[in-house]
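A closer look at the structure
Below are the chains, spelled out letter by letter.
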Amino acid sequence: MIPSTFEYKKATSVDEALSMMSEDSKLLAGGHSLIPAMKLRLNQPSAVIDISSIDSLKGISDEGDHIMIGAAATHADIASSSLVEAACSMIAHGSGEIGDIQVRNKGTIGGSLAHADPAADWPALVIAADATICVRSQNDTREIPAADFFTGFYETALKDDEIITSIKIPKLSAGSSSTYVKFSQPASRFAIVGCAIVKNMDSQGEVGNIKVAITGVSERAYRDHGVEDELMGQPLSDEVIEAASLKAASRVDVMSDHYASEVYRKHLAQVYVKKALKILA
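Let me begin by describing the structure that accompanies this report. (Residues numbered from 1 in each chain as written. Predicted model: local features only at pLDDT ≥ 70, side-chain atom pairs only at ≥ 80, totals over all residues. Heavy atoms only, no water.)

**Considerations on the pattern of salt bridges**
- In total, this model carries 12 salt bridges according to the counting rule given.
- In this structure, Arg-136 engages Asp-15 in a salt bridge whose closest nitrogen and oxygen atoms are separated by 2.3 Å. Residue Arg-136 is found in strand E6 (residues 132-136), and its partner Asp-15 is found in helix H1 (residues 14-20); the two are separated by 121 residues along the sequence.
- Residue class for Arg-136 comes out partly exposed when judged on its relative accessible area of 26%.
- Across the pair Glu-143 and Lys-168 runs a salt bridge whose closest N-O atoms are separated by 2.8 Å. Taken together, the positions of Glu-143 in strand E7 (residues 141-145) and Lys-168 in strand E10 (residues 163-170) put the pair 25 residues apart, joining distant regions of the chain. (Salt bridge = Lys/Arg side-chain N within 4 Å of Asp/Glu carboxyl O. Helix = DSSP H or I, 4+ residues; strand = E, 2+ residues; numbered from the N terminus. Buried < 20%, exposed > 50% of the residue type's maximum accessible area, 1.4 Å probe, protein only.)

**A look at the nonpolar core**
- Ile-69, Met-90, Ile-91, Leu-113, Trp-122 and Ile-167 are the most contacted members of the largest nonpolar core, which totals 38 residues.
- Broken down by element, this core gets its largest block of residues, 6 residues, from helix H8 (residues 122-128).
- Apart from residues no more than four positions distant in its own chain, Ile-167 is found in contact with Ile-67, Met-68, Ile-69, Ala-71, Ile-109, Leu-113, Val-126, Ala-131, Thr-132 and Ile-133.
- Counting residues in each nonpolar core, the second largest holds 28 residues, with Cys-195, Ile-197, Ala-249 and Leu-280 among its members. (Core = buried A, V, L, I, M, F, W, Y, C linked by side-chain atoms within 4.5 Å. Contact = heavy atoms within 4.5 Å.)

**Concerning helix H11 (residues 238-245)**
- Of the residues making up H11, those classed as buried are Val-240, Ile-241, Ala-244 and Ser-245. Along the long axis of H11, the arc covered by the buried residues comes to 125°, so they all point the same way.
- Contacts from the buried residues of H11 go to helix H10 (225-231) and helix H12 (262-280). (Arc of directions from axis to C-beta.)

**Considerations on a negative patch on the surface**
- Taken together, Glu-23, Asp-24, Asp-160 and Asp-161 make up a surface patch of like negative charges.
- By the secondary structure assignment, Glu-23 is in the loop between H1 and strand E2 (25-28). (Patch = residues over 30% accessible without salt bridge, like charges linked within 9 Å, V, L, I, M, F, W, Y side chains within 5 Å. Areas by Shrake-Rupley, 256 points an atom, 1.4 Å probe, with all protein chains shown as cover. Lys, Arg positive; Asp, Glu negative; His and termini not counted. Charge placed at Lys NZ, Arg CZ, Asp CG, Glu CD.)

**Regarding the side chain of Thr-74**
- Tracing the backbone shows Thr-74 in the loop between strand E5 (66-70) and helix H3 (75-79).
- Setting aside its immediate chain neighbours within four residues, Thr-74 contacts Arg-104, Asn-105, Lys-106, Gly-107 and Thr-108.

**Looking at the pairing of E7**
- As paired strands, E6 and E7 are joined by 5 bridges and run antiparallel to one another. Within E7, the residue paired with Thr-132 across the bridge is Pro-145.
- In this structure, the hairpin formed by E6 and E7 is closed by a connection of 4 residues. (Pairing = 2+ DSSP bridges.)

Below, the structure is given as C-alpha cells:
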C-alpha cells in the first residue's frame, strides 16, 4: 500500500515541533508504528513532523533518585545503557527483547508509548517500574504516572497538542528486584503475553511491596492487582507463587484473536506470572 498525500516537516527543537502541530498531524521518530499504519491508510495525516533529529529528546541521564530517558532514545540505546541497567535492570533487559536489531536501532521509547499498542513491551515495563511520562504542549508541561497513561485500545492520556519529552524511571531501592518475561509472536516479537514485576521484600522475608504489570492480554497494559493482593505480606514460596499466578488476568476482559484465544491467553498470563515470580524468588 501507498500512504495518502501528506506534507513532510522536519523539526530541530521541541518548540519548533509544537509550533508545527495541528489537529491531524502526526509525529515521526523511529517510524515503526506510524509508517505501517500510513501505508495501510489507517492513519492519514495531513502533515508528518519529523522529530528524530532533536538532540534534547535523545539523552539518558542520572537525576539522583531516578533515571531520565529522552523520548527519542532508541530501544538499543536503553538496552545498552549502564545507567539504566544499574537503576532498574528490567528496563534494560526488556528493551533488548523488543523486535529485532533493526527495530531496536530505530524505534523509540516515546513512539512506542504514544502508540500504545496493547501487545507492546514498554507499557508493562513502565507501569511496573512506577515510571512517569513527561509531556509538553506550547503552553504547559505535565507529568503523567505510567499507571494512568494507558486509557484504552491504542488510547492514552496524551492530548493532541502534546509531545512526550522524557520518561522518569525511579531507581530501585535496596532489597528490590525486577524482571520481565514474555511469550512472543515469532514474526513481530510483540508480546502475546508479557509480565513485568518489581518487588521488595521486608525484613521478615515477606513481600512488602510489589507491582505486577501485564501486556498483550487486555485492550491495554495494566496492573494486575489480583496477583499483587495474593502476594502482599507473603513469602515467595512455591505454594504462594502457585496461588498468586492463578489470579492472573482474573479482573480484566481478555482479548481473543488469531494469535491466541481468550482461554489460551489467560493460561499464558498465569504461566508467565509464575515464571516471573520464580525468577524473583
